[in-house]
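Letter by letter, the chains look like this.
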Amino acid sequence: MNQKVDFLGIGAQKAATSWLYQNLRRHPDIWMPPRKELHYFDRSPAYPSSSDLASEHLMDRLFGREPHNKGFVNRFVRGLSRGIIEKDWNNIDWTLRYFLGTYNDEWYRSLFKCDKGKVTGEITPSYSILGLEDVKHVREMFPELKVILILRNPIERTWSHVRFDWGHLVLDGPGRTLDIWSSCFPKEQLFIGFYDDIVERPQVVLGNICQFLGVSVFPNDRVVNRRVNVSRVQDMPKEIQLYLANKYYPELQKLNALLGGPCTAWLKESEEILNAANQRAAPERLMPVGAAPGN
């Protein structure tokens, strides 16, 4: 089967990927699976991401006692029930193929059967943590693939993820993601966007992504402005703020040098956090900006 996949959204987590999925899925010229986050390329247990596809054999998936197998059964039942309740037979057919198939590259391609002429793709934020060999495999399968990465201040992104889902927190490195994916795909096949811009001007960002994918731009409508999967409001404790500022300071320096834009403000905010902590500390405990405690 030579079914193509035109684009992947690779993250980052808690950087408006659900917003992007819901908007692109309703575009008349785009086809996306009824399920966000297929987790095919990060299905290896070596990755910390949550995947339904970690077990190779169906019987293990259905009856295994491991957490990922239990998650597989729960999501399978929910997906199938939703399709039955809505009497969406196409969704039911897709759900059966997704959960009961034999996982390989041809199976993955089969998930994108749709009307000819439509742009196809999926969004799995955990693809941002893929290693080099797996990204090379993506390139071998789809050499003309377009890749969408939305970046968010990693300090804010991590805190948002903690508030939303502590159990699946992954402390990723956006600089590493950029290095690996840009080493496999040319820059004209990469779209780097910013969460800050989505918050301030979602219609503009969505329009830029549509142009990148080669489809018509959405007309202005209220749906584009709706926030999706919003974490509960809670101030970040100063201890966590300081820890994350120390952890991500080198990343923020790298992002600022590579991309500028909002990354410059992110770097400045982290420096303000670190400098404020230094001013509160006793003279003998002063740390240079960006130095992690205990290093």
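All values derive from a computational prediction rather than experimental measurement. (Residues numbered from 1 in each chain as written. Predicted model: local features only at pLDDT ≥ 70, side-chain atom pairs only at ≥ 80, totals over all residues. Heavy atoms only, no water.)

J.: Would you take a moment to explain the environment of Arg 61 for this structure?
T.: Inspection of the secondary structure assignment puts Arg 61 in helix H2 (residues 58–63). Judged by its relative accessible area of 1%, Arg 61 is buried. Put simply, Arg 61 and Phe 99 are 38 residues apart on the chain and 9.0 Å apart in space, counted from C-alpha to C-alpha. Those residues in contact with Arg 61 that sit more than four places away from it in its chain are Asp 52, Ser 55, Glu 56, Asn 69, Phe 72, Val 73, Phe 99, Leu 100, Gly 101 and Tyr 103. A distance of 2.9 Å separates the side chain of Arg 61 from the backbone oxygen of Glu 56, its partner in a polar contact. (Helix = DSSP H or I, 4+ residues; strand = E, 2+ residues; numbered from the N terminus. Buried < 20%, exposed > 50% of the residue type's maximum accessible area, 1.4 Å probe, protein only. Contact = heavy atoms within 4.5 Å. Polar contact = N/O pair within 3.5 Å; in protein donor to acceptor, adjacent residues only side chain to side chain.)

J.: Help me understand the environment of Arg 109 in this model?
T.: Here Arg 109 is to be found in helix H5 (residues 105–110). Distance from Arg 109 to Lys 4, taken between C-alpha atoms, is 6.8 Å for residues 105 residues apart in sequence. At 3.1 Å, the side chain of Arg 109 and the backbone oxygen of Gln 3 are in polar contact.

J.: Would you mind showing me how to read the sheet that holds strand S1 (residues 7–9) here?
T.: The pairing of strands in a sheet comes from backbone hydrogen bonds and takes either a parallel or an antiparallel form. In space, the five strands of this open sheet follow the order S2-S3-S1-S4-S5, with parallel pairing throughout. Looking at strand neighbours, the two that pair on one side only are strand S2 (30–31) and strand S5 (190–194), the edges of this open sheet. (Pairing = 2+ DSSP bridges.)

J.: Please explain unusual backbone geometry as it appears in this structure.
T.: Put simply, Gly 11 and Ala 12 share a cis peptide bond, and its omega is 0°. As for its position among the elements, Ala 12 is in the loop between S1 and helix H1 (17–25). The backbone of Glu 37 shows a phi angle near 70°, a positive value even though the residue is not glycine. Tracing the chain through its elements places Glu 37 in the loop between S2 and H2. The class of Glu 37 is partly exposed, set by a relative accessible area of 24%. Non-glycine residue His 39 carries a positive phi angle of around 55°. One can find His 39 in the loop between S2 and H2. Exposure remark for His 39: the relative accessible area of 6% places this residue in the buried category.

J.: Help me out: how do you make sense of the packing of aromatic side chains in this one?
T.: The relation between two aromatic rings is expressed through the spacing of the ring centres and the mutual angle of the planes. Going through the model one piece at a time under the given rule, you end up with 18 aromatic pairs. Ring geometry for Tyr 40 versus Tyr 108: centroids 4.8 Å apart, planes at 15°, classification stacked. Residue Tyr 40 is located in the loop between S2 and H2, and its partner Tyr 108 is located in helix H5; the two are separated by 68 residues in the primary sequence. Note on Tyr 40: relative accessible area 1%, which makes it buried. Sitting above the plane of the Tyr 195 ring, Arg 152 keeps its charged end 4.0 Å from the centroid. (Phe/Tyr/Trp six-rings, centres within 6.5 Å; stacked < 30°, edge-to-face > 60°. Lys NZ or Arg CZ within 6 Å of the ring centre and 35° of its normal.)

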